Each structure stands twice: as structure tokens, then as C-alpha cells.
Protein chains: 2
Amino acid sequence: MTMRDITGALLIGSRDIAGERHFHAVDPATGATLEPAFADAGPAEVDQAAALAADSFPIYRATTPEQRAAFLDAIARQIEALGDALIERAALETGLPVARLTGERGRTTGQLRLFAGWIRSGGADEPRLDSPLPDRKPLPRADLRLRHIGIGPVAVFGASNFPLAFSVAGGDTASALAAGCPVIVKGHPAHPGTSVLVGRAIRAAVQEAGLPEGVFSLLTGTSHELGGALVADPRIKAVGFTGSRAGGLALCRIAANRPEPIPVFAEMSSINPVFLLPGALQARAEALATGFVASLTLGAGQFCTNPGLVIALAGAPLDRFIAGAGAAVSAATAATMLTPAIAGAYGKSVAALESHREVAEIAHGHEGGPNGCRPALFVTEAEAFLREPVLSHEVFGASSLVVRCADADDMRKVAGALEGQLTATLHLEPSDHALAGSLLPILEDKAGRILANGWPTGVEVCHAMVHGGPFPATSDPRSTSVGTLAIRRFLRPVCYQDLPEELLPAAVQAGNPLGLPRLMDGSMAPSRSGEASS
Amino acid sequence: MTMRDITGALLIGSRDIAGERHFHAVDPATGATLEPAFADAGPAEVDQAAALAADSFPIYRATTPEQRAAFLDAIARQIEALGDALIERAALETGLPVARLTGERGRTTGQLRLFAGWIRSGGADEPRLDSPLPDRKPLPRADLRLRHIGIGPVAVFGASNFPLAFSVAGGDTASALAAGCPVIVKGHPAHPGTSVLVGRAIRAAVQEAGLPEGVFSLLTGTSHELGGALVADPRIKAVGFTGSRAGGLALCRIAANRPEPIPVFAEMSSINPVFLLPGALQARAEALATGFVASLTLGAGQFCTNPGLVIALAGAPLDRFIAGAGAAVSAATAATMLTPAIAGAYGKSVAALESHREVAEIAHGHEGGPNGCRPALFVTEAEAFLREPVLSHEVFGASSLVVRCADADDMRKVAGALEGQLTATLHLEPSDHALAGSLLPILEDKAGRILANGWPTGVEVCHAMVHGGPFPATSDPRSTSVGTLAIRRFLRPVCYQDLPEELLPAAVQAGNPLGLPRLMDGSMAPSRSGEASS
């Protein structure tokens, strides 16, 4: 596949729809308009895609775990088959470096394959069987068997900051497809060409797997009307979103006010506090400064897990950290941000901090190109931070705020005043364990992931990952958008009572023909076949 | 404990609060006012209870599974220690027979003990550990460990129709407490004395277990303002509700429009369709009629799973069923309903069906006392049912509607037109399997539980139960309010990355000191102790 395969059509099932209105992507590094023009979808196209998705759902959700796994594997292969064309287009549309995008592609295909393996091993079905007790007094117990099935067609909103891993074939799409749910993606308007390339890869996998066309559609577009129509469509049963707090909340409100409310899994806003405990700061202030600035400036600071807040005790070790971090920030060059809008918002947020009377600038980096992110580092006092809610707001980009605390109690107060977060980080030495132990219960209630002696950027795709957290980090803290646990968001349990064996789905049949691990009368039966079930 | 222990105070933590406004319960069998007067709580008392709940949360959620299990066991014991006084008061306040209430008490205490056993065996923590891969290229993998913790204080709304099993110490309370969440119950105003007795039993168990007082509070009251204040309180993090569609939706809207939206698990409305397939109807129309009317009239039809809709093919076998069911309904005597308001609403709904031009009355039962539920049975044609949405609305009480279908396609159309349901039932013979097989995929998308050759009333509390379903049966089809899977509603995952062993919670420590089954690198390690975790 080459650049010439990038057409501006909407991918509605197996059909290319030209659309009536159009928009162009922009190269953020130059501000230049990129060809071709892309269809700007609206409610009419939502209706078409939703009709196909609803039609395909009964067939798709009836597939075996093996069939869905093979489909996910095929998507990974089709994405790899796009070759350099995908990376080149993504670089052009996002300003992100080729090396980063190559890594992100690996993460995206790795995620699809991990999910394929997980559902093959029964991770989506989670069957539970309770044996009948015909002789129980006063009443017999029926034969009860539970499995999980897909909730229905899912709307996925591609994120700007991960044009592959959180976009058309990203975490939300992979988990919804793994759960047996058709997906309609609203591609992010900042990278429509990348979106269409990946969308065509998924369409090819749909055809290869012999699935109904409605299992996947891609709608590119720029309007709020498009997203609103998608979430409001009665055939959509759940929503995955990564983006701004305002955007996520708007979708939550639309979903909650439908005649039939539906769940929205919105990942929105996090400043990812980093606590530098006294022993660690004393032992390695300079190394912490270097590591911190590397994490802060990675990808122009455009990570959900970017360390936007540093909390430490005032004193000479913190002064050493500030000096080192300030020097590193001063030496940093502005990297291109994803879009002019994001760069503009970043500039405004940084200017607000610069002029805030309780905040002092420590350092800023070099000016860059037209949409460059000039890194910036600020400092304030704990007392001011606790008083001024605006200092807790997310600045999307490579800006961070050091909060100077008078004592350990100040650190706990700052921790307790935080909103919900994706991550919270502790840098510590054994001498810090008592203080860390007093912070941990506070942070567990605030964040989805707690790290020690690392940096929050970089999210491993695995079974034990949580990329989620209390509001406003996400709209529902009871889930994750990364890792195999993410699949559970799009599943619902169904119980079968006294159904004849012939009518039971394979996942709960007596002979366990799918070889799934099953909970039998409250105990796990992990064997891959043939356990008796009543 | 005796009747004299029923005081009208609010139970806010360990304190009895007299309140300023008051209300009385009513004996629905006589219309008589019952003593004593009960405090009618408002926003001020919500504030006090929420403050205590928030204070207790860090301590309560840090308890071990064994400590929480012992607490649940203690609640069961304390409820049993209430003895006959509980049953007598519940009978007086609800009009339900002593035998039914005795059975319901057994279900309530059995549920607490089942949940205790389940969390002892690790069912709430669900730990997942992924081993570090320090030598992985291009980047090493960190040590990642996940466990589930309580989401925070939970508001539970007691239901009118299960004064024990879905009320103060019912399924929602048991699952929230099992998850490590403090609970504030808004007791249903129809049975405040029953509520206070059970509330005191829970308080005694809190004290026996040495837990902080804020783990449990009971607010009795009659106002929408009380419920609204509870759901709106920022310290409340989730809501459990069983009741009307209007009531559940009102709470969902309040929760969705908070500055921090929270999940509401509302169980609302279900007509529980029963499909009588041709072979079964041919073989045993009379027995089906008897079984059906017994299920319909059980508890004056006041079950969430009451069979409010019967779908069958027109013809002689259906005529036999209608004749038998009509005779049984005609012979049935009105049982007392839970409240005058419920009896009034039932009367209006039945009158609306009686006067509906597309509906014919088959039979009605005898008149009863002041709040009696006169059973009623109606019939309509599939074509009319599909055209008139009002015929799909829940009638809370012992009324049901037979839908006469011309052919199997009509039956599938009726199934496809249904709203979300708690249950769907198939009565079938082997000759019906093909038709059942064509209905099943439709019904799986409509209902949380599918039964064969049984009746939907009677919900087993076990691991494989689903008492839930698509909207409007519930507000979130991804869960159940009965069975051990209900605990998951109130849990959230937290991931620990590279934390020193000393700081890790016991559930994910290398030595597995709690002996929990854990997912190790994607495979279940069900052994009760000592697996290595690098």
C-alpha cells in the first residue's frame, strides 16, 4: 500500500462514501495543508454506519473466541502490511518522530495480539456454572450457567496524541472487538490519512475473516454534531473516548440524557503527581532532575501520563533538583505539537502560569517552529497550591509545576487535595518508607496506577495494567482503557437457567468444547477441557 | 430484641438522631397507622452520615478479606438474633405472609454468608501480577501488580417489595460492604420499623467487628429531597437502587449531572416475557396454566420477575391454556399489596388495560381488603401489541397479558420489539428446539437471564446468577444485583508499578500471604499460598 491509497472517503462497512462537505489535514511542523480532502461526516453517515453495525452485531457476537482472536490477529497483520506508508503519513499529520511512531505501531499490533491470546484463553467469556441441587430443601436449585457477551455496537473516538495506539485500531477498538462488539470509529480530524490507512487495514481483516461488513466503520469529520449524533444513536450501546475534559463530559451528558442511557468510558484529564521523598531527593536530586525532564518533554509532553506536578520538601536537596531540572528545561528545544489548536491552548496555559502571582518560573526551553511546544517549569508553595484550584488544572504539553512543601503533613495535604489521576509516582529510598506508607492510602483513592522510582510516561500493555482512575482522570474509575481488563468494559453477563444442553452456548456446555477456564460452584476449573458439569 | 426496640431515630453511625419531622408506617391490610413515629431525614442528616462514611472509608477498605467476611457473618448472626420481632414487624408493615418473610430472611442471611465465603476465597481482590522483564528490548518491562479496592461510600435505596433481601441488609448493602465500601441506606418509607431493626443489627455487627462507626448509617424518610441529597453528596461514589423506572431515572440524572458523575445501579422495570412454544403448549397447556398463575399471583405479583407477558401461537392449545389460566385467576383471592400507593397504581393500570380497545379481559380474581391486588389476565393480538407501546409497560402486581401470534415469525417480531428485561422464559419440548434456537439470540440481547421450563419468580443467590439486564430493566446491563458478581459493581482496579515489597498491599505481595487465587502473567494460579512472583 502506498500514499496513493489514501482516499478521502468514509469507510462505511465495505463501501467508500465520498461525502458532501470536506476538510484537510494540516502538517503541524509547517502549517501546510495536506492532500487529499477528507469527507466530513454528519448524522446521515452515522445512521448508515449504525444500521450496518446493528445488523452485524448478532452475527459478530456469536463468533467463537477463536474466530474473534483470528480477526484481531488479522488486523495486526494488515496494519503491518501497510508498511512505511503508514508511518510516513502519521509523521506528516502529527509531527511525531518516525522512531516514536514505529514503536507505537508495535504497541498497537502487540495489543491486538495480546487481546487475541487473552480471549482465546477464555478471558472474555468468564463462564460460571452452579450445579443444580434437585433435592435441596425447602426449594431445589436450578441449573444455572453464566457467560459474558458483547454489549452491542460501540462508538470509539480516536485520540489526537496516539494516532495509532489510541486511535482507529487502538485500545478501545481492540477491546470492543475482542468483546464481540461492532465498532464505529470517529477518527480524530488531526490525522485523517493515518485513520483511513488503518481503517482500510481493519476492513481488509473483516473481509479476510469472513465477517459481516458492519463490524467496522470509520467516519472522519470535524464537527461536534458528528460526535453527538454517534453517541445519541439508539443502536450504539457504549462509548470509548480519549481527549479533553470538556469533550468527555459533553459526551457523558449526551449519553446520560438518551432515552436509554449508555456507559461512556472517557479518559480525560490527569496531571500525574510525582512525589520526591526526602531520602530519594537527598540521594539523587540531579539524576531525578534529568529523568524528570526526559519524561516531561517526551512527545512534546503530549502524554496522558505526563508528569505535570512535582511535590517535595523545601530545602537544599529540592534546590539541587530545581537547578538541575531548570538547566535541562532551558536546554530543551521546542518539539512540534500535534495541532495548531493544541499548541495555541498550551501557549495560553503557560502564559497564565507565568502571570500567576503565586507562581514563579524556573525555566523555559527554546522557541521552536510554528506549533512548537516550548518546555516550561514553574514553582509554587504548598499553601498557595491548596488555595488556588487553577494550579491543579491539566496543561496539555511539556509544562510542570513544582510544589514546595514545608513538611510531610503538607505533602499529605497536597495529596489529599488532588483530583482523580491516571498515575501517582513516588521516588523513595528505604528511609522514605514510613512517609510513603502514609501517602499510599491517599494516593490509592486518587489514582489508577502508583509507581515507585520511575516515570509515569510509558504505559505497558499487559494484564495487570490500569490506565484509568477516579474522575476527572476518567468518567468511570471502575475500569481501564489499557490492558486486557479493558475488554470487560464492553461485556455483559447473561445467565441460562435449566436450558437444554442442545440450546446452550458452547462456553457453558457440559463438555466445555471451547476449553475455557470456568468457575464451577465457586471454584476455578482452569483445565482446558472435559470437566463434568452436573 | 422485642418490638419495644423499634425507635423512630435515624441511625447515623453509632448515634441515634431523633430528627425534626416525622412520619408513620401504615398497615396495608387495614390502613391503620403504626407506631412509633419515625424521623424523616433531610439534607442535614445526609451530610452527617456522609461525613462519617468518608472518615471510615480509608480504615474500612484497608481491612483484609477475612475481616470483612467476619463482619458480614456477624451481620447475618445479628439479624437472626432479632428473632420473631423482625418477622412480625415486617408482616405488619408490608402485608406479606410470615412464611414468605421467614424465607426471605433466610435468603438475606444466606446471601451475607455466601458473599463472606466468596471474598475469603479472593473473589473481590482479583489480583493480577505481571513479572518484570528487565532484559526485554527495546524497553524493559516493569513489575506490575493489580488488585481491586472499594470505590468509596455507597448509597443504597431500600426496595419496597423485599423488605429484607433488597432492603437495609439486602443485596446492594451486602455487595458494597463486601467490596470494602461504607454504606448509607435510605430505608424505604413503607417499612421503617423493619429497617430500623435490621439497621440496629448491622450497627451491632459494626461494633462487634471493631469497625469505625461510619461504615453504616440508616436514614429513614419520605422525601425526594432526601434521596436527591444523598445521590448528590460529593462523598458518595456509587448508588444502588431497586424501584420504579421514574425513580431510578431521576437518580441517574442527578448522578450524571454532579460535578463528579458517579455510577448508579438501578433495577427498574421488567415484564418478564414467557414464550409458550407449540410443542410445550400442545403437551401440557393445563399444567402450564396452573404454574403460570401460581407465579403470577405469588406475593401479590410484586416481584421484579413477575411474568407480565405471555407469547404463544393462536390455536386450540393456547385456548386450553387461556381457559385454564382464566379459571385459576378467577378463583384467586386478592392479596394485600405493599402500600396504598402501589395498590392504587395497580388499580389504575388494570383499568387502563380493561378499557383498551385492543385488549380483552380473560378473567379477574376476587376483590380483597383495602389494598388488595385483584389478579387480572388479558389477551391481545401480536399485531396490536407491536403497534401499541403502552401494552409493553410494566404493571406492578398480579396482572398479565397474553399475546396471540399468527406464526413463529410473529413470535420473533414480538421478541425483537421488547425493551430490556430481567428475564425471558421459554417453555419447550424437544420439537420446539428449532424455534427456541431462533428466539434465543434475540432474547440474549434483551434479558439478563433466560429460563427454560420454569417460572421467572424466585432468584437464586449464587455465583452464576444474573439479576440485571438491558435498559429499562436496569440502568447498566453490565452487572447484576444478585449473586457474587454483584460485588464487582463497587470495586475499582489499582495497579502498583515497581513498588518495594514492604509497601505493597498483602493481596499482591510476592509471598501471597492472603492465599488468594491470582492471575500470574496471564494464567490463573489458584493455589492458596506461596507461589513465586519474582
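What you are looking at is a predicted structure, and each value in this text was computed from that prediction instead of being measured.

Along the backbone of chain A there are 14 helices and 23 strands. For 534 residues, the compact-globule estimate of 2.2 N^0.38 gives 24 Å, and the C-alpha radius of gyration of chain A, at 25 Å, lies within 12% of that figure. Taking the principal axes of the C-alpha coordinates as reference, chain A spans close to 75 × 65 × 40 Å. Scored against the burial criterion, the 534 residues of chain A give a buried share of 63%. Once local pairs closer than 6 in sequence are excluded, the contacts in chain A between residues at least 24 apart make up 76%. A total accessible area of about 17,000 Å² is found for chain A, and carbon and sulfur atoms account for 57% of it.

Within the largest apolar cluster, 77 residues are counted, with the highest numbers of intra-cluster contacts made by A:Phe275, A:Leu277, A:Phe292, A:Phe321, A:Val403 and A:Leu426. If near-sequence neighbours (up to four positions away) are discounted, A:Leu277 is found in contact with A:Met411, A:Leu426, A:His427, A:Leu428, A:Asp432, A:Leu435, A:Ala436 and A:Leu439.

Before going further, it helps to examine the sheet that holds strand S12 (residues 273-276) of chain B. Spatially, 12 strands are ordered S23(A)-S22(A)-S5(A)-S6(A)-S21(A)-S20(B)-S19(B)-S12(B)-S13(B)-S18(B)-S17(B)-S15(B) in an open sheet, and the strand pairing comes out mixed. Whereas interior strands pair on both sides, the edge strands pair on one side only; in this sheet they are strand S23 (523-525) of chain A together with strand S15 (360-364) of chain B. The sheet shows a mean angle of 25° between the axes of neighbouring strands, direction not considered. Both strand S5 (residues 128-130) of chain A and strand S6 (residues 144-150) of chain A contribute to a ladder of three bridges, which runs antiparallel. Bridging from a neighbouring strand, A:Leu129 pairs with A:Arg145 of S6(A).

Another aspect to go through is the interface of chain B and chain A. Taken together, the contacts link 72 residues of chain B with 72 residues of chain A. Among the residues of chain B in contact with chain A, B:Arg128, B:Arg478 and B:Arg492 are the three that bury the most area, contributing 11% of the side total. Where chain B packs against chain A, one counts 10 salt bridges. A:Arg147 is the partner of B:Glu444 in a salt bridge, and the nearest nitrogen-oxygen pair spans 2.7 Å. Put simply, chain B and chain A have 42 residue pairs in polar contact (both at pLDDT 80 or more) between them. Of all the secondary structure elements, the ones that give two or more residues to the side of chain B that touches chain A are helix H1 (43-61), strand S5 (128-130), strand S6 (144-150), helix H8 (245-256), helix H14 (433-444), strand S20 (447-452) and strand S21 (491-497) of chain B. It is S21(B) that provides the largest number of residues to the side of chain B that touches chain A, a total of seven residues. Residue composition of the side of chain B that touches chain A, grouped by class: 39 nonpolar, 10 polar and 23 charged. Pairing of strand S20 (residues 447-452) of chain A with S21(B), which is carried by three bridges, proceeds in the parallel orientation. If you follow A:Leu451 over to S21(B), its bridge partner there is B:Gln497.

All right, on to the packing of helix H2 (residues 65-81) of chain A against helix H4 (residues 98-120) of chain A then. All names here are of chain A. Running from amino to carboxyl end, H2 crosses H4 at an angle of 170°, the nearest separation of the two axes being 8 Å. Taken as axis vectors, H2 and H4 run roughly antiparallel relative to one another. The chirality of how H2 crosses H4 is left-handed. From H2, Pro 65, Glu 66, Arg 68, Ala 69, Ala 70, Leu 72, Asp 73, Ile 75, Ala 76, Arg 77, Ile 79 and Glu 80 reach across to H4, where they touch Arg 105, Thr 108, Thr 109, Leu 112, Arg 113, Phe 115, Ala 116, Ile 119 and Arg 120. Residue composition of the contact of H2 with H4, by class: 11 nonpolar, two polar and eight charged.

A word on the relation of the copies chain B and chain A. Expressed as a screw transformation, the operator carrying chain B onto chain A has a rotation angle of 180° and an axial translation of 0.0 Å, and the superposed copies differ by an RMSD of 0.0 Å. Here the copies are linked by what is in effect a two-fold axis. Closest approach to the rotation axis among the C-alpha atoms of chain B is made by B:Ala256, whose C-alpha sits 3.2 Å away. Mapped onto chain A, 100% of the interface residues of chain B are again interface residues, and the two copies thus contact each other with one and the same surface.

A word on the pairing of strand S10 (residues 238-242) of chain B. Residues and elements named next belong to chain B. In terms of burial, S10 is a largely internal element, five of the five residues being buried. Of the two faces of S10, the one holding Ala 238, Gly 240 and Thr 242 and the one holding Val 239 and Phe 241 are both buried throughout. Where S10 meets strand S11 (residues 264-267), four bridges bridge the pair, whose relative direction is parallel. Note on S11: the bridge partner recorded for Thr 242 is Glu 267.

Let's shift gears to the state of the cysteines. On inspection of all chains with the given rule, the structure shows zero disulfides over all chains. Summary of cysteine pairing: B:Cys304 is not part of a disulfide, and the nearest cysteine sulfur, belonging to B:Cys373, is at 15 Å.

Glancing now at the pattern of salt bridges. Applying the stated rule across the entire model yields 67 salt bridges over all chains. We note a salt bridge from B:Arg145 to B:Asp143, for which the minimum N-O separation is 2.7 Å. Across the pair B:Glu381 and B:Arg404 runs a salt bridge, and its minimum N-O distance is 3.0 Å. Remark: B:Arg404 occurs in strand S18 (residues 399-405) and B:Glu381 occurs in strand S17 (residues 376-381); sequence separation between them is 23 residues. The class for B:Arg404 is partly exposed, based on a relative accessible area of 21%. What emerges from the salt-bridge pattern is a single network uniting A:Arg357, A:Glu358, A:Glu383, A:Arg387 and A:Glu388.

Another aspect to go through is the packing of helix H3 (residues 84-94) of chain A against helix H6 (residues 192-208) of chain A. Residue and element names in this part refer to chain A. Close contact between H3 and H6 brings their axes to 8 Å; oriented N to C, the two are set at 155°. Here H3 is positioned roughly antiparallel relative to H6, judged by the angle of their axes. For the pair H3 and H6, the sense of crossing is left-handed. For the pair H3 and H6, contact is made by Ala 85, Leu 86, Arg 89, Ala 90 and Glu 93 and by Pro 192, Gly 193, Thr 194, Leu 197 and Val 198, respectively.

Here is what the cut-offs are and how they apply
Residues numbered from 1 in each chain as written. Chains lettered and ligands numbered in written order. Predicted model: local features only at pLDDT ≥ 70, side-chain atom pairs only at ≥ 80, totals over all residues. Heavy atoms only, no water. Helix = DSSP H or I, 4+ residues; strand = E, 2+ residues; numbered from the N terminus. Rg over C-alpha atoms; globule rule 2.2 N^0.38 Å. Buried < 20%, exposed > 50% of the residue type's maximum accessible area, 1.4 Å probe, protein only. Contact = heavy atoms within 4.5 Å. Areas by Shrake-Rupley, 256 points an atom, 1.4 Å probe, with all protein chains shown as cover. Core = buried A, V, L, I, M, F, W, Y, C linked by side-chain atoms within 4.5 Å. Pairing = 2+ DSSP bridges. Axes fitted to C-alpha atoms, helices over the stretch in contact; angles between N-to-C directions. Buried area = accessible area lost by both parts, 1.4 Å probe. Salt bridge = Lys/Arg side-chain N within 4 Å of Asp/Glu carboxyl O. Polar contact = N/O pair within 3.5 Å; in protein donor to acceptor, adjacent residues only side chain to side chain. Nonpolar A, V, L, I, M, F, W, Y, C, P; charged D, E, K, R; others polar. Parallel < 35°, antiparallel > 145°, perpendicular 65-115°, else oblique. Left-handed = near helix turned anticlockwise from the far one by under 90°. Least-squares fit on C-alpha atoms with pLDDT ≥ 70 in both. Disulfide = S-S within 2.5 Å.

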